[in-house]
Amino acid sequence: MTAQVTEPAVEPDAKVLVGLFATATRIKLFDEKYLSLMKAGQIGGMYYSPRGQEFAAVSVAQHLRPDDYVVTIYRGLHDQIAKGVPLRDLWAEYLGKAVGSCKGKGGPMHVTSPEHGLMVTTGVVGSGIPIANGLALSAQMRGTDQVAVTNFGDGASNIGAFHEALNLASVWKLPVIFVCQNNQFAEYTPLSEGTSVARIADRAAAYGMPGESVDGNDPVAMWQAAGRAVDRARRGEGPTLLEANTFRFNGHLMGDQQAYMPKELLKEKMAADPVPRFRARLIADEVATEAELAAIEEQAAEEVADAAAYALAAEYPDTAELDTDVYAPEVAV
Ligand SMILES: Cc1ncc(C[n+]2csc(CCOP(=O)(O)OP(=O)(O)O)c2C)c(N)n1
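Residues numbered from 1 in each chain as written. Predicted model: local features only at pLDDT ≥ 70, side-chain atom pairs only at ≥ 80, totals over all residues. Heavy atoms only, no water.

Caption draft 1: Local environment of the overall build of the protein chain. In terms of regular secondary structure, the protein chain is built from eleven helices and eight strands. Computed over the C-alpha atoms, the radius of gyration of the protein chain is 19 Å, within 12% of the 20 Å expected from 2.2 N^0.38 for a compact globule of 333 residues. With respect to the three principal axes, the spread of C-alpha positions in the protein chain is 65 × 50 × 40 Å. Charge centroids of the protein chain, computed over 28 positive and 43 negative side chains, lie 2 Å from each other. (Helix = DSSP H or I, 4+ residues; strand = E, 2+ residues; numbered from the N terminus. Rg over C-alpha atoms; globule rule 2.2 N^0.38 Å. Lys, Arg positive; Asp, Glu negative; His and termini not counted. Charge placed at Lys NZ, Arg CZ, Asp CG, Glu CD.)

Caption draft 2: How the structure looks around the layout of surface pockets. Looking at the largest pocket, its volume works out to about 330 Å³. In terms of lining, the largest pocket is formed by 24 residues, of which the most central are Y74, V125, A186, E187 and H252. Among the elements that make up the lining of the largest pocket, the one with the highest residue count is strand β3 (residues 148-153) (three residues). (1 Å grid on protein atoms, 1.4 Å probe; cavity = no way out; pocket = protein on both sides within 12 Å on 5 of 7 lines; lining within 4 Å. Points joined across faces, edges and corners; volume = space filled by probe spheres on them.)

Caption draft 3: How the structure looks around the site of the ligand. The immediate surroundings of the ligand are formed by 15 residues, with Y74, R75, G155, A156 and F185 found nearest. Within the contact set of the ligand, a nitrogen atom lies 2.9 Å away from a backbone nitrogen or oxygen of G123. Between an oxygen atom of the ligand and a side-chain N or O atom of N183, the distance comes to 3.0 Å. Starting from 580 Å² of accessible surface for the ligand in isolation, the protein chains cover 72%. In this structure the site holding the ligand corresponds to the largest pocket. Along the lines of polarity and charge, the residues of the shell around the ligand split into seven nonpolar, five polar and three charged. (Near = heavy atom within 4 Å. Polar contact = N/O pair within 3.5 Å; in protein donor to acceptor, adjacent residues only side chain to side chain. Areas by Shrake-Rupley, 256 points an atom, 1.4 Å probe, with all protein chains shown as cover. Sits in = over half its atoms within 2 Å of the grid points. Nonpolar A, V, L, I, M, F, W, Y, C, P; charged D, E, K, R; others polar.)

Caption draft 4: Fine view of the packing of aromatic side chains. In total, this model carries 13 aromatic pairs according to the counting rule given. Judged by centre distance (5.3 Å) and plane angle (75°), the ring pair of F55 and F278 falls under edge-to-face. Of this pair, F55 sits in helix α2 (residues 54-61) while F278 sits in helix α10 (residues 274-284), and the two are 223 residues apart along the sequence. The class for F55 is buried, based on a relative accessible area of 0%. By the ring-pair criterion, three or more aromatic residues cluster together here, those being F30, Y34, Y47, W91 and Y94. When the ring centre of Y316 is taken as origin, the NZ or CZ atom of K97, which lies over that ring, is 4.8 Å away. (Phe/Tyr/Trp six-rings, centres within 6.5 Å; stacked < 30°, edge-to-face > 60°. Buried < 20%, exposed > 50% of the residue type's maximum accessible area, 1.4 Å probe, protein only. Lys NZ or Arg CZ within 6 Å of the ring centre and 35° of its normal.)

Caption draft 5: Quick peek at the pairing of strand β7 (residues 211-215). Note: β7 against strand β8 (residues 240-245), five bridges, orientation parallel. In the sheet register, D215 faces β8, and the bridge partner there is N245. Traced from β7 through helix α8 (residues 219-234) to β8, the parallel crossover comes out right-handed. (Pairing = 2+ DSSP bridges. Right-handed = clockwise from strand over helix to strand, strands pointing away.)

Caption draft 6: Spotlight on the packing of α2 against α8. Relative orientation of the contacting elements α2 and α8 amounts to 45°, with a least axis distance of 8 Å. One finds that α2 runs oblique with respect to α8. α8 is crossed by α2, and the crossing has right-handed handedness. Between α2 and α8, the residues in contact are F55, A56, S59 and V60 and P219, M222, W223 and A226, respectively. For the contact of α2 with α8, the class distribution of residues is seven nonpolar, one polar and no charged. (Axes fitted to C-alpha atoms, helices over the stretch in contact; angles between N-to-C directions. Parallel < 35°, antiparallel > 145°, perpendicular 65-115°, else oblique. Left-handed = near helix turned anticlockwise from the far one by under 90°. Contact = heavy atoms within 4.5 Å.)

Caption draft 7: Structural context of the pairing of β3. Burial analysis of β3 places six of its six residues in the buried class, the great majority of the element. Neither face of β3 is left uncovered, since the one carrying A148, T150 and F152 and the one carrying V149, N151 and G153 both have all their residues buried. Pairing of β3 with strand β4 (residues 176-182), which is carried by six bridges, proceeds in the parallel orientation. Directly across from F152, in β4, lies its bridge partner C180. The handedness of the β3 to β4 crossover, carried by helix α6 (residues 160-171), is right-handed.

Caption draft 8: Region of interest: the pattern of salt bridges. For the coordinates displayed, the defined rule picks out 17 salt bridges. Of the charged contacts, one joins R51 and D273 as a salt bridge, the two residues approaching to 2.4 Å between their closest N and O atoms. A residue pair is termed long-range when its members are at least 10 positions apart, and R51 in the loop between α1 (14-39) and α2 and D273 in the loop between α9 (263-271) and α10 qualify at 222 residues. Accessibility assignment for this pair places R51 and D273 in one class, buried. For E321, the salt bridge identified is with K105, shortest N-O distance 3.9 Å. Taken together, the positions of E321 in the segment after α11 (290-313) and K105 in the loop between α4 (87-94) and β2 (118-122) put the pair 216 residues apart, joining distant regions of the chain. Of the residues examined, K105 reaches a relative accessible area of 34% and is grouped as partly exposed. (Salt bridge = Lys/Arg side-chain N within 4 Å of Asp/Glu carboxyl O.)

Caption draft 9: Spatial organisation of helix α5 (residues 128-142). The end-to-end C-alpha distance of α5 is 21 Å, a good match for the 21 Å that 15 residues give at a rise of 1.5 Å each. Among all positions of α5, only G128, I129, A132, N133, L135, A136 and A139 are buried. Buried residues of α5 fall within an arc of 165° about the axis and therefore sit on the same side. Of the residues flanking the end of α5, it is G143, one or two places downstream, whose phi is positive at about 75°. (Expected span 1.5 Å × (residues − 1). Arc of directions from axis to C-beta.)

So, in structure tokens, the structure goes:
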């Protein structure tokens, strides 16, 4: 059984709601422009689109301070933007340019930006989860109230590192929020064929921590659940497993023909695209006007276009840089 949630829900104010929409819009437009340039053959490489999963990232990160930590995966653009990595740094890193967040040596699979708290992006499924424990342990040992969030997929919750990390985080009461962005597929395998439970949050009970399964496409429900988890961690009460139920619109990676995907399911999910749906909700609830949201979209589009142009015009790293920042300096013994 998943632990009961007893804390009352806090209602986000208009500033928070509009902020969530603005960040989700930046992610959506970045992703759409990136995909369009790939399709036009102007840029290459591997790309794992997070379209459809925006609020699983945005509604969590809204609770984080710049000095809090985030760990993410190859499908991490939404987590990176939500944590505050500037679009120019990101776009340049995705293209392997010298002005990228890792001087072009990380690429999309390894984006790191410690000054913004984006501590690591990993391509090895499940590997980021224990890293978040280490970050949280360092905060605990230094006596700060920083928290660490680790984002990963449903498939990663079947990896040994997930189970080991949840156990230890619970024993040591580490300030970690384990966010499983359950997009219903691990590569080409649907959840029911590879995972022993229907609700991944139920696994929390085995490790003596609260688990919440939330509609990850509902920005408010997600924001409320994340708030509870972040507050618990900051108060020193230990970790939470938060399952954000969501969906990915563009398959596993760019070029995936999605032959394994039931067409009707994809159609139904895309018709409920969380970003335009939230836009309509903000207008219907009179939180913002059509003109205000259109202005946000225009500004986001300009920012994305600027970052893309900046990255496309930038230089690749010089070969003389090949070994720089790769090896640790020798330590005298
Ligand atoms: C340890 C390891 N095993 C296998 C792979 C190959 N692989 C890459 S992504 C992926 C699926 C992971 O699915 P999930 O955790 O649900 O995340 P999603 O891609 O759906 O966001 C697999 C098996 C890998 N990168 N690392």
